[in-house]
Amino acid sequence: MKTGTTALSAQWTTWVPVAAALALVVGWGRHLPGFAVTMVGLCLVGAVLAAVHHAEVVAHRVGEPFGSIVLAVAVTVIEVGLIVTLMAGGGAKASTYARDTVFAAVMITCNGIVGLSLLVTALRKRVAVFHAEGSGGALATVCTLATMTLVLPTFTTGRPGREFTTAQLAFAAIASLSLYAIFIAVQTVRHRDYFLPVEREGHVSDPDEHAPPPGTRQTWWSVALLFVALVAVVGDAKLVSPTIEGGVESAGLPNSVVGVVIALMVLMPETLAAVRAARRDRMQTSLNLAYGSAIASIGLTVPAIALASIWLPGALILGIDATHMVLLTLTAVVSALTVVPGRATLLQGFVHLVLFAAFVLLSFSP
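A brief report on the enclosed structure follows. Just so you know, these numbers come straight off a predicted model, no measurement behind them.

## Things to note about the overall build of the chain
1) Next: On a plain count of helices and strands, the chain comes out with twelve helices and two strands.
2) Next: The secondary structure elements of the chain, listed N-terminal to C-terminal, are α-α-α-α-β-α-α-α-α-α-α-α-β-α.
3) Next: Looking at the chain as a whole, 50% of its 366 residues are labelled buried.
4) Next: Partitioning the contacts of the chain with sequence separation of at least 6, the portion at a separation of at least 24 is 86%.

Printed below as a string of structure tokens:
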């Protein structure tokens, strides 16, 4: 029975990404009717679940924290492609796509993913434990990147509005990429032990932790299918985005809601992977995924968009408004109080989820 179940699992994690990619190819550049949008949405969800499976196979092979980096970087690179594609379409609203997507990613990762992971671990183990050194450094990097790229443009005077000058944008791009590179070096080489899961006394190991790692062929097969699944996730999200945009416009909601909804869909693989790690009492892995995704989202997106802005039409508005600055500041303070002790309870998880709920509410009703 177990063998049959494993075979079935291997089959669906193979054909679902392929089916989602085929839906992307068939639907690309076409106006989809309601039934087709529903089918694409189902393919998107299936591709998310398959992506999490293959990311875990790769993570088991390469170990932590490399496994978290694989998923975070893969999703972010494809997310950047989606943003550039949307901005290339032109239109007045295209100038804020990068800002809305990046800020939504920061709020989703630092409050949504962190809060949900803390809640899951605390409900099962009462107290979630992790390395304050590694998580604190990651949080400091997130706060620096977010402030430098999303807050400063609102206060600079080189250009009217919430834009950087060319020199300021170039500096922000180089600084973002440099911070990301240094963070990866610290996480994987110099202080890797700060990002490994904490073992409790009397901890009963998850049997999957000590299962033999997958072979080279299986690992590369999962890498390929992970890439296909992530391309399908982001591409299918773009296919359903016109329907989302139409619904947002007809409901009279702000245009930024589109960015929030798409970011939620694109970040589903990290969310599911982080929650599954939290269920196994591997809170450090969940934090690696959350903060690593936030750092990658800014550290890779801003340089790519800065480069693309050379030939993309229209302005590039990065500065956030006062309401979002308050949310970002509160997130930074609360996250610091959560991370510094290296231990967190149900309360901290719930506080982060309340902040995430406030972000969603204010996105729909500013």
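## With respect to the environment of Leu24
1) Next: Residue position: Leu24 is located in helix H1 (residues 2-27).
2) Next: Taking C-alpha positions, Leu24 is 9.1 Å from Lys238, a pair spaced 214 residues apart along the chain.
3) Next: Sequence-distant contacts of Leu24, defined by excluding residues within four places in its chain, comprise Val231, Ala232, Gly235, Asp236 and Leu239.

## Concerning the side chain of Ser117
1) Next: Relative to the elements of secondary structure, Ser117 occurs in helix H4 (residues 97-125).
2) Next: On the accessibility criterion, Ser117 (0% relative accessible area) is buried.
3) Next: At 2.8 Å, the side chain of Ser117 forms a polar contact with the backbone oxygen of Ile113.
4) Next: Other than its neighbours up to four places away in sequence, Ser117 contacts Ala274, Val275, Ala278, Met283 and Ser286.

## What to know about a nonpolar patch on the surface
1) Next: A grouping of Phe35, Met39 and Leu42 is seen on the molecular surface, where their side chains present a nonpolar patch of about 350 Å² in accessible area.
2) Next: Within the element layout of this structure, Met39 appears in helix H2 (residues 34-62).

## A short note on helix H10 (residues 283-308)
1) Next: Its 26 residues give H10 an end-to-end C-alpha distance of 37 Å, which sits within 8% of 38 Å, the value for a rise of 1.5 Å per residue.
2) Next: Counting buried residues along H10, 24 of its 26 residues qualify, which places the element largely inside the surrounding structure.

## A look at the nonpolar core
1) Next: If you look at the biggest cluster of nonpolar residues, it comprises 81 residues, and the most contacted ones within it are Tyr291, Leu328 and Phe359.
2) Next: The contact partners of Leu328, leaving out residues within four places of it in the chain, are Phe103, Val106, Met107, Ala146, Val151 and Ile320.
3) Next: The next biggest cluster of nonpolar side chains, apart from the first, holds ten residues, and it includes Phe164, Leu169, Ala306 and Leu318.

## Here's the deal with the pattern of salt bridges
1) Next: Counted by the stated rule, this structure contains two salt bridges.
2) Next: With a shortest N-O distance of 3.2 Å, Arg99 and Asp100 are connected by a salt bridge. You'll find Arg99 and Asp100 in the same group, each marked buried.
3) Next: Two residues, Glu163 and Arg159, come together in a salt bridge whose shortest N-O distance is 3.8 Å.
4) Next: Judged by relative accessible area, which is 16%, Glu163 ranks as buried.
5) Next: In this structure Arg159 comes out as partly exposed when scored by relative accessible area, which is 36%.

## Focus: the packing of aromatic side chains
1) Next: Taken as a whole and assessed by the stated rule, the structure comprises three aromatic pairs.
2) Next: Both rings, one in Phe103 and one in Phe359, keep their centres 5.7 Å apart while their planes meet at 70°; by these two values the pair is edge-to-face. One end of the pair, Phe103, is in helix H4; the other, Phe359, is in helix H12 (residues 346-364), and 256 residues separate them in sequence. Taken as a pair, Phe103 and Phe359 share a single burial class, namely buried.
3) Next: Ring geometry for Phe356 versus Phe359: centroids 6.5 Å apart, planes at 40°, classification tilted. Taken together, the residues Phe356 and Phe359, both in helix H12 and three residues apart, mark about one turn of the helix. Pair check on accessibility: Phe356 and Phe359 agree, each one buried.
4) Next: Each member of the aromatic cluster is reached from another via a ring pair, and the members are Phe103, Phe356 and Phe359.

## Topic: unusual backbone geometry
1) Next: Residues other than glycine seldom take positive phi values, yet Arg126 does so here, at roughly 75°.
2) Next: Mapped onto the elements of the fold, Arg126 is located in the loop between H4 and strand S1 (128-129).
3) Next: Taking relative accessible area as the criterion, Arg126 reaches 70% and is therefore assigned exposed.
4) Next: Look at Asp281: it is not a glycine, yet its phi comes out positive at around 65°.
5) Next: Within the fold, Asp281 resides in the loop between helix H9 (268-279) and H10.

## Some words on the state of the cysteines
1) Next: What the rule picks out here adds up to zero disulfides.
2) Next: Here Cys110 is not cross-linked by a disulfide; its sulfur's nearest cysteine counterpart is in Cys143, at 7.0 Å.
3) Next: A relative accessible area of 2% places Cys110 in the buried class.

Thresholds, definitions, all that
Residues numbered from 1 in each chain as written. Predicted model: local features only at pLDDT ≥ 70, side-chain atom pairs only at ≥ 80, totals over all residues. Heavy atoms only, no water. Helix = DSSP H or I, 4+ residues; strand = E, 2+ residues; numbered from the N terminus. Buried < 20%, exposed > 50% of the residue type's maximum accessible area, 1.4 Å probe, protein only. Contact = heavy atoms within 4.5 Å. Polar contact = N/O pair within 3.5 Å; in protein donor to acceptor, adjacent residues only side chain to side chain. Patch = residues over 30% accessible without salt bridge, like charges linked within 9 Å, V, L, I, M, F, W, Y side chains within 5 Å. Areas by Shrake-Rupley, 256 points an atom, 1.4 Å probe, with all protein chains shown as cover. Salt bridge = Lys/Arg side-chain N within 4 Å of Asp/Glu carboxyl O. Expected span 1.5 Å × (residues − 1). Core = buried A, V, L, I, M, F, W, Y, C linked by side-chain atoms within 4.5 Å. Phe/Tyr/Trp six-rings, centres within 6.5 Å; stacked < 30°, edge-to-face > 60°. Disulfide = S-S within 2.5 Å.

By themselves, these figures tell us nothing about what the structure is for.
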